[in-house]
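# Inside the fold
Below, each chain spelled out in residue letters.
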Amino acid sequence: MKKKIEIDEIDLIQVFINIWNNKLKIAVITLIFVFLSVGQYFIFKPKFTAKTEILPINIFENNLYSSYNSLLAHTKKSEDQRINNINKNYLLNLFLEEMQTKEIVVKAIKDFQLIDRKKFDNEDKYLKAVKKKALKLDLLRPVNVDGKSKKVKPRVNWTIKFQIYDVDKWESALRFIENEINKKIQKYLKGYFNTTLNNLKLLDQFELEDLDLKIKNLKNDYDTETNNRIAFLKEQELIARKLNIENNTLEVENFSTSSGVISTLQTAKPYYMRGYSMIEKEIELIETRTNKDAFTKDLFDLEKQRRTLLEDKSLKRIERLFNATPIFTTNDFKAAKIVYQNTEYKTSFTLIKTILIAGFFGITFGLFYVYILIGLQKRK
């Protein structure tokens, strides 16, 4: 038993001696493994899962639209034509909608070479790969914002999730995407507002034209009705003169009841019964009127509507306030911001991890190689 222990002790010492004597070989083999792994790491870059937050504009930027929004709230025309309030939620939704179209994402993938063009035989295959890559970009919605759920990790803002190989290229692409989307939204808001405003002005013009036509028709109707009335009165006057009825001869009939006497005026008799004296006076008054508008029914109401329309300054005020918003006053308009500086990158293989794994396998293979070599030497 004692002899066996001594042999084991001698073997263990011999192991360390062999390792020490061949340490240079083990080190060389380990370095070869490390260099090969590091080279492979840089040649075949590992895939990263990148997560980047999209932030809405802050409260100070949002307040720059408050005057415009306040005027819209008191303008009925904006409700009829859907002139939108401009605030951080509306702008963020526009930004997200543009992201979801993937149009600018496709352009970013091509411009910043996130896919190697050289790997494809022709342009069609390359473009298909680019579009397919763009479709893999995910927009993660906020979840558990208040942090009440312990099972779900809070995500306060919308987040872009995308798989990449080159961090620098991806961050440059994100800057490009943010800039291009904001410029596109700025252009859209200007165009949409101008189109809507012009439509509202046209509607006002159409309404004014309708009112002018109604007023003109009322005045023409008045003249026609007046001429017809005068013709009627003149005819009644001739009849009254023929019958020598100078004054009103409409009779009053009396009826006796238990409660007293009731008088009724008989008004269903012909108009000439009023007498030619009264009829002539009515004709004279009608023909000598200097203010016909005062006797034109509904004319005053239409003229009030016309005056209200002409004096309405709401569209001009809305336009002035809109032109005072950042949409018009700055070349650095922001609907939202991509915080590319704080992008979170995750990968299954980092450079350090690659070196450690390569070192472990290098040492293991080195030891195995040394013992195989020693074993072969002993056999000789």
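Provided above is the structure to which this section pertains.
Calculation notes
- Residues numbered from 1 in each chain as written.
- Predicted model: local features only at pLDDT ≥ 70, side-chain atom pairs only at ≥ 80, totals over all residues.
- Heavy atoms only, no water.
- 1 Å grid on protein atoms, 1.4 Å probe; cavity = no way out; pocket = protein on both sides within 12 Å on 5 of 7 lines; lining within 4 Å.
- Points joined across faces, edges and corners; volume = space filled by probe spheres on them.
- Helix = DSSP H or I, 4+ residues; strand = E, 2+ residues; numbered from the N terminus.
- Phe/Tyr/Trp six-rings, centres within 6.5 Å; stacked < 30°, edge-to-face > 60°.
- Buried < 20%, exposed > 50% of the residue type's maximum accessible area, 1.4 Å probe, protein only.
- Lys NZ or Arg CZ within 6 Å of the ring centre and 35° of its normal.
- Pairing = 2+ DSSP bridges.

Counted by the stated rule, this structure contains 1 cavity of 30 Å³ or more. Computed from the structure, the largest cavity encloses a volume of approximately 90 Å³. Tyr 68, Ile 83, Asn 84, Ile 86, Tyr 90, Leu 189, Tyr 192, Phe 193, Thr 196 and Phe 322 are the residues that line the largest cavity. When residues in the lining of the largest cavity are grouped by element, the largest group, 4 residues, is from helix α9 (residues 167-242).

Attention now moves to the packing of aromatic side chains. For the structure on display, the rule yields 10 aromatic pairs. Between Phe 48 and Tyr 345, the aromatic rings sit 6.2 Å apart at their centres with planes inclined by 75 degrees, giving edge-to-face as the arrangement. Placement of the pair is Phe 48 in strand β1 (residues 48-56) and Tyr 345 in strand β7 (residues 344-346), with a sequence separation of 297 residues. Note on Tyr 68 and Phe 193: the rings are 6.3 Å apart at their centroids and 65 degrees apart in plane angle, and the pair reads as edge-to-face. You can see Tyr 68 sitting in helix α4 (residues 66-73) and its partner Phe 193 sitting in helix α9, a full 125 residues away along the chain. Residue classification places Tyr 68 among the buried residues on the basis of a relative accessible area of 3%. Note on Phe 193: relative accessible area 4%, which makes it buried. Over the ring of Phe 328 we find Lys 190; its NZ or CZ atom is 5.0 Å from the centre of that ring. Across the ring face of Tyr 276, the terminal group of Arg 241 is positioned such that the distance to the ring centre comes to 4.2 Å.

For strand β3 (residues 158-164), the tally of buried residues reaches 5 of 7 residues, placing the bulk of the element in the interior. Both β1 and β3 contribute to a ladder of 7 bridges, which runs antiparallel. Each residue of the ladder has a partner; that of Ala 50, found in β3, is Phe 162.

What follows deals with unusual backbone geometry. Positive phi, normally seen in glycine, also occurs at Gln 113, with a value near 55 degrees. Within the secondary structure, Gln 113 sits in the loop between α7 (103-111) and α8 (123-135). Residue classification places Gln 113 among the exposed positions, given a relative accessible area of 52%. Despite not being glycine, Asp 298 has its phi angle at roughly 70 degrees, a positive value.

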